[in-house]
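Here is how the chains run, residue by residue.
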Amino acid sequence: MPQPDESSVELRDGLFKIRVLTAGDGDPLVFLHGGGGLFWDPFLDQLAASHRVIAPEHPGAGASQGLEHVEDLWDLVLYYAELLDVLGLPSTTLVGHSFGGMVAAEIAATNPERVQRLVLIAPVGLWRDDHPVPDISGVPPDKLPELLLADPTGPIAAMLPAPDATDPEALFTAAMTMASILQFIWPLPDKGLSKRLYRVRAPTLLVWGAQDALMAPAYGDDFAAAIAGSRLEIVEGAGHLPQLEQTERVVAAVSAFVDEASPPGTS
Amino acid sequence: MPKGDHVKSIFFHLMPYRDLPSDFEQRYESVWVTPPNAELCDPVKVAQYYQWNLDELELADRLGFDGLGVNEHHQNAYGFMASPNLMAAALARRTSNNSALLVLGNTLALYQPALRVAEEFAMLDCLSQGRLAAGFPVGTSMDVNRCYGITPTETRPRFYEAHDLIMKAWTEPGPFPYNGRFNKLRYVNPWPQPLQKPHPPVWLAGGGSVETYEMAVANDYTYSFLSFFGYQFAKKVMDGFWETADQLGSDGNPYQAGFAQQICVSETDAKAEEDYLEHVLYFFNKCLHIPPYYFETPGYRTRRSSEFAIKANRPADIAQALVMEKNWKSLVDNGLIIAGSPDTVADRLIEACKGLRVGNLIALLQIGSMPHGLTEQNLTLFANEVMPRIRGLWESEGWKHRWWPQGARQDDPVPHTS
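A short tour of the structure in this document, coming up. (Residues numbered from 1 in each chain as written. Chains lettered and ligands numbered in written order. Predicted model: local features only at pLDDT ≥ 70, side-chain atom pairs only at ≥ 80, totals over all residues.)

1. Some details on unusual backbone geometry
Residues and elements named next belong to chain B. Cis rather than trans, the peptide bond between Gly174 and Pro175 has omega equal to 0°. Here Pro175 lies in the loop between α7 (155-171) and β5 (176-179). The phi dihedral of Met15 falls on the positive side, at around 60°, and the residue is not glycine. The topology assignment puts Met15 in the loop between β1 (8-12) and α1 (24-27). On the basis of neighbour counts, which here come to 25 C-beta atoms within 10 Å, the residue Met15 falls in the buried class. Backbone geometry places Val33, a non-glycine residue, at a positive phi of 75°. You can see Val33 is positioned in the loop between α1 and α2 (37-40). (Helix = DSSP H or I, 4+ residues; strand = E, 2+ residues; numbered from the N terminus. Buried ≥ 20, exposed ≤ 12 C-beta atoms within 10 Å, placed from the backbone.)

Structure (C-alpha cells):
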C-alpha cells in the first residue's frame, strides 16, 4: 500500500498542531476517523485511486495537539470550520466513520453550505433506549473484535489497532486517543444531534454494517428518517467497520455516490 | 525541643457489604459500577450493616481513637457510603468523646454546583462543634467517570474549580458572583460558613498523582495515601510525596501525611490468623474484584501524572499486588495486612509510620466480611494495647499537628456556641 503524504497543519498560531494524511488526485474528500484513531487503511487507499483524500487527525488523538482548546462540541464544530478554511476547502465532501461520522453530521447541520456531499459510515450521535450503545471503553480488550466486527476471528481482527501492552508510552497514547474522543461523547453518545439533523442539506449516503453490534442498524433508519433525501446502504458481512470488512463494496458505494452529478439546487 | 503532638489513630470504616456470595468473583464482572443491585444488595441486610457500622464508629470514639473516618463511593460492594456526610452527621451527635470526624471526603468533581459541598461541610463543622476534617479527593475513575458520568478529561478541571469555589465560599464574605467553567453562580453566600477559622483543615487523598502532591504542599493540606495494599506498597507513593514536599520547601512535618493500613489484632499471632483470615481473603478476593478497564477510564489521568506513574512503576506495582497469591503469609509478609498480637502489630506499625514518615494512621479495622463482634474485638485490642505504644512515635522531634480539627483538639478547643 503506497504511503500518503503526512503533514502537520497549525491553527491559531500553533494552539492546534494537526497531523493530516493526504493522497490521490481528483475531487477532494475529507475523511474524519473514529475512536480507534487515524490509520491509512485499504479503504482510504482505494478511495485515493480516484479522489484526493484528506484525512485530518482529531485534536488530542495520536500526534495531534489542541484538545484543551476544544472544550465541547460547539468548539469542535467551529474548529473544523477553521481547519477546512486552512485546508482551502470552503465547501467539500465529508466522509466520517463512527465518531467522525457524528462530527461530520454536526458540521453539515451547523454549516450546510460547507458540505457538498455527506457520507456517514456507522455514525454515532443518536440514542435509542431499545438499542443502548455499548460502552466502548468499558469492555475487556479481547471482547472488542466481537463488538466491532461481523467476523471477530477474521483477518480484520488482526488489523485492529492494539497498543503493545508492555509499552506504557504506547498504552498512554492509545488511551489519550480514546480520551480525546470520549471528551465529546461521554457518558452516552447523544449530545443533541437529533435536534439538528433536519438542517443537513447535503445529499447524504449512510453506510451501515448489517451486523453492527455497537451502533445497531436501527440507528441507520433513524438517521435516514431525519436527513431528507438520504439513502441507507446496508452492508452484509460487516459490523461497525464496514469499510474494512467489506472494503470493495463500501468503496464502490462511496465512489459512485460522491461522483454522481450534483443534484439541482445544490452547489 | 518541646514535646511534640502524638500520632493520630483514625478508625476508618469503608462500610462494605459483608455477605457477598461465595462465588461472587467467578460469577460477576466487578465489585464496582456494575454488580447488579437487585440481585446482590439486600436492603434488609444493609439496614443491619448501617447499625453495626455506626455502632463500631461510636465504640471507637468511646475507646479513645483520635478520629473517625468515612468516605464516599458509589455502586460498590466494598464500600457503598454514597453520602459520607449523612454518616458524619449521625456521628456528630453520638460521639461524646470528641473524636475528630474525618470525611475523606466528598468527591468534589461530582457536585454541580460544588457549593453544595461547602454548605454540607460547614453544617457538619457546626454540628460537630468544629471537629470536621474536610477531605477533598479527586475520586476514583469508577465513581467519577463511570457511576456519575463525568467526562474523564474533565475530572481534574472540575476538581480544581470546585476546590477554588469551596475555599472562596468558606473564607470570603458573601454574597459574591462566581464565574467558573462548570459552576456559574450569581450569588455565593452559604449559610453558615464553617465554625473553624479560617476553615476546617483540608485533607487530600491521593494515589500517586504528582498534581495532588503539589496541591497539598502548595496549600498546606495533608496528603494521605488511601490504598489497600499496605505500607510496603505505600513506600513509593509517600516517598514521592516527601520528595515533592522537599522540593517545594516543606518542613517535613509527619503530621502532614497519612496512610491507610488494614490491621488485625488478636491475643497472639496464631489467633489472629484463625480469627481474621477468612474476612481478609473476602476483602482481597471479592472486594478488589475490579476489571482493569474500569480503573482508569481513558482521560482520567493527565499526561504529567501518567508519565510520573510510569517512571515510578506504579501500574506494575498495583498489578503485582493484585495478582499476588493471597494467603496469610503473603499478605503479612508483603504488608498488605499488619496482623498478630498487640506487640507484633505495634512493632510493625512503628516501622511503617517511621518508614513512610507519617503521623496519621488511618486504621482499617473492619475488613470485608468481618462480623460485628470480631470488629469490636479488633477495635478494643487496638485501642487498649496498640494505640498507647505508637502514640509517642514522633514526640521527640517536637512536631505540632497543624491539621487536626480545632474542636477535636483537647488543648485548643473551639468555644462552644451555646
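What follows continues from the structure just given.
2. Description of the interface of chain B and chain A
Across the boundary between the two partners, chain B contributes 13 residues, which contact 14 residues of chain A. Residue assignment for the side of chain B that touches chain A shows that the elements contributing at least two residues are α11 (292-295) and α12 (303-311) of chain B. For the side of chain B that touches chain A, the residue count by class is seven nonpolar, six polar and no charged. (Contact = placed C-beta atoms within 7 Å. Nonpolar A, V, L, I, M, F, W, Y, C, P; charged D, E, K, R; others polar.)

3. What to know about the packing of helix α4 (residues 84-92) of chain B against helix α5 (residues 115-127) of chain B
Residues and elements named next belong to chain B. α5 packs onto α4 with a crossing angle of 15° between their chain directions and a minimal axis gap of 9 Å. Considering their axes alone, α4 and α5 lie roughly parallel with respect to each other. When you trace α4 past α5, the crossing you get is left-handed. Here Asn85, Ala88, Ala89 and Ala92 of α4 come into contact with α5, specifically with Glu120, Leu124 and Leu127. Looking at side-chain class alone, the contact of α4 with α5 contains five nonpolar, one polar and one charged residues. (Axes fitted to C-alpha atoms, helices over the stretch in contact; angles between N-to-C directions. Parallel < 35°, antiparallel > 145°, perpendicular 65-115°, else oblique. Left-handed = near helix turned anticlockwise from the far one by under 90°.)

4. A look at the nonpolar core
Core analysis: the largest hydrophobic core is formed by 122 residues, its most contacted members being Phe11, Trp203, Met238, Ala363 and Phe382 of chain B. Contact partners of Trp203 of chain B, with chain neighbours within four places excluded, come to Leu102, Leu104, Gly105, Ala133, Ala134, Gly135, Tyr221, Thr222, Ser224 and Trp403 of chain B. Of all hydrophobic cores here, the second largest spans 77 residues; its members include Phe99, Leu120, Ala175 and Val207 of chain A. (Core = buried A, V, L, I, M, F, W, Y, C linked by C-beta atoms within 7 Å.)

5. Some details on the pairing of strand β2 (residues 67-70) of chain B
Residues and elements named next belong to chain B. On β2, burial covers both faces: Gly67 and Gly69 on one face and Leu68 and Val70 on the other are all buried. Two strands pair when backbone bridges link them, and β2 and strand β3 (residues 100-103) are joined in this way by four bridges, in the parallel orientation. Counterpart to Val70 in the pairing with β3 is Val103. A crossover links β2 with its parallel partner β3, the connecting element being α4, and its sense is right-handed. (Pairing = 2+ DSSP bridges. Right-handed = clockwise from strand over helix to strand, strands pointing away.)

6. Considerations on the packing of helix α3 (residues 43-63) of chain B against helix α16 (residues 372-390) of chain B
All names here are of chain B. Where α3 meets α16, the axes come as close as 10 Å, and the angle between the chain directions of the two elements is 15°. The angle between α3 and α16 falls in the class roughly parallel. Crossing hand, α3 versus α16: right-handed. Here α3 contributes Trp52, Glu56, Leu59, Ala60 and Leu63 to the contact with α16, which in turn contributes His372, Thr375, Glu376, Leu379, Thr380 and Ala383. A breakdown of the residues in the contact of α3 with α16 according to their chemical character gives six nonpolar, three polar and two charged.

What is shown is where atoms sit, not what they do.
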